[in-house]
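Observations on chain architecture
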Amino acid sequence: MNIQKIGIAGAGLMGASMSQIFAHRNYDVTVYDAFDAALEKGKHLVEINQAAQVEAGEVTRAEADRTLASLRFTNDMNALADCDIIIESIIEKLDIKQEFWAKLSRLMKPEAILTTNTSGLSIDAIAKDIVGKHRFLGMHWMNPAHLIPCIEIIRGSETDDASTEAVIALAHAVGKKTTVCKKDVPGFILNRIQLAIIRECISLVEDGIADVADVDACMKYGLGFRYAAFGPFEVVDFGGIDTFHHIASYLNAELCNATDVQKLLDDHYKKGEYGVKSGKGFYDYADGKDAEALRDRDEKYLKIYNALYKD
């Protein structure tokens, strides 16, 4: 399928980032959101991202202006009807996604591909009332979408090969790397790995083995440095399967196997301490430190991307 018209549903942080990626590559992009305030916020987010990329020398001012001018923002769902592909990134609630797709799938042309940016909801559950389940799949982008190269492709039980291959090709066309989750399992690939790591990190802090900052330092300057370049199976091969077999023989039994949300995480959640977005989490982001932290994050991601993956 020759994909030219891209529909982004949801003008939030992820939708805004995705829209500028496609617009910059000269795709015809329509951004839909039911709420005018969200559309205005989405436009503002794109402007901020483009300004940051101009400052970093990633794009010229003229390229940034062209990207902004080529985006269409609308609160009319019918404006998506002639798109070749939809990437949905609305609120992460199953019933709302189901209702959205039940309506939109009936407006779309039969050959249009339908994707959801869910980070963990069941693909089959979201597709419950969709017309054309064979063309529906997950297309999970990582935040911030305009910087992180990986896109996780998740097949539903009825997703066909043609739709999967078309989405993979589209991701590659905009310079992204892809990983395919062949079964619709909770958390897919990325979040199953991520939550296993976070669970063990929380356990180390709760058991008084290490402080939050020391666990983060171990990840950033040790494991993170390694895993920025190599995957876990590659790391095992470099380190030696015999070595990891020996370590696993005594360490696996000692690792955290909690099945509920751990107390440290739950306590912050109940206090409304959600991290950067609320001004406090495991660290303090008050008095402008939130914006500083976001700038620092993006600068570091950009340096890693340029060092390892830029053509």
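This section reports on the structure supplied with the text. None of the values given here were measured: they were computed from a predicted structure.

**Some words on the pattern of salt bridges**
In this structure the tally under the stated criterion is 14 salt bridges. Put simply, Glu40 and Lys43 hold a salt bridge, and the shortest N to O gap is 3.3 Å. Taken together, the positions of Glu40 and Lys43, both in helix H2 (residues 36-55) and three residues apart, correspond to about one turn of that helix. Ionic pairing is found between Asp284 and Lys289, a salt bridge with its closest N-O pair at 3.4 Å. For Asp284, a relative accessible area of 41% gives the class partly exposed. Put simply, Glu88, Glu92 and Lys97 are held in one network by salt bridges that share partners.

**Details of unusual backbone geometry**
Pro144 follows Asn143 through a cis peptide bond whose omega is 0°. For Pro144, the position within the fold is in the loop between strand E6 (136-141) and strand E7 (150-155). Of note in the backbone geometry, Phe188 takes a positive phi value of approximately 55° without being a glycine. Structurally, Phe188 can be placed in the loop between strand E8 (177-181) and helix H7 (190-206). Take Phe188: its relative accessible area is 1%, and that puts it in the buried class.

**Focus on the nonpolar core**
The biggest cluster of nonpolar side chains holds 32 residues, and the ones touching the most others in it are Ile6, Ile8, Phe22, Val29, Ile87, Met139 and Trp141. For this core, the secondary structure elements donating two or more residues are strand E1 (5-9), helix H1 (13-24), strand E2 (28-32), H2, strand E4 (85-88), E6, E7 and helix H6 (161-173). A total of six residues in this core trace back to one element, the largest contributor, which is H1. The residues contacting Trp141, other than those within four sequence positions of it, are Met14, Met18, Ile21, Phe22, Ile87, Asn117, Cys150, Ile151 and Lys176.

**Considerations on the environment of Arg297**
You can see Arg297 is positioned in helix H12 (residues 289-308). Residues Arg297 and Pro144, spaced 153 residues apart in sequence, show a C-alpha to C-alpha distance of 9.6 Å. When near neighbours in sequence (up to four residues on either side) are disregarded, Arg297 contacts Asn143 and Pro144.

The rules behind these values
Residues numbered from 1 in each chain as written. Predicted model: local features only at pLDDT ≥ 70, side-chain atom pairs only at ≥ 80, totals over all residues. Heavy atoms only, no water. Salt bridge = Lys/Arg side-chain N within 4 Å of Asp/Glu carboxyl O. Helix = DSSP H or I, 4+ residues; strand = E, 2+ residues; numbered from the N terminus. Buried < 20%, exposed > 50% of the residue type's maximum accessible area, 1.4 Å probe, protein only. Core = buried A, V, L, I, M, F, W, Y, C linked by side-chain atoms within 4.5 Å. Contact = heavy atoms within 4.5 Å.

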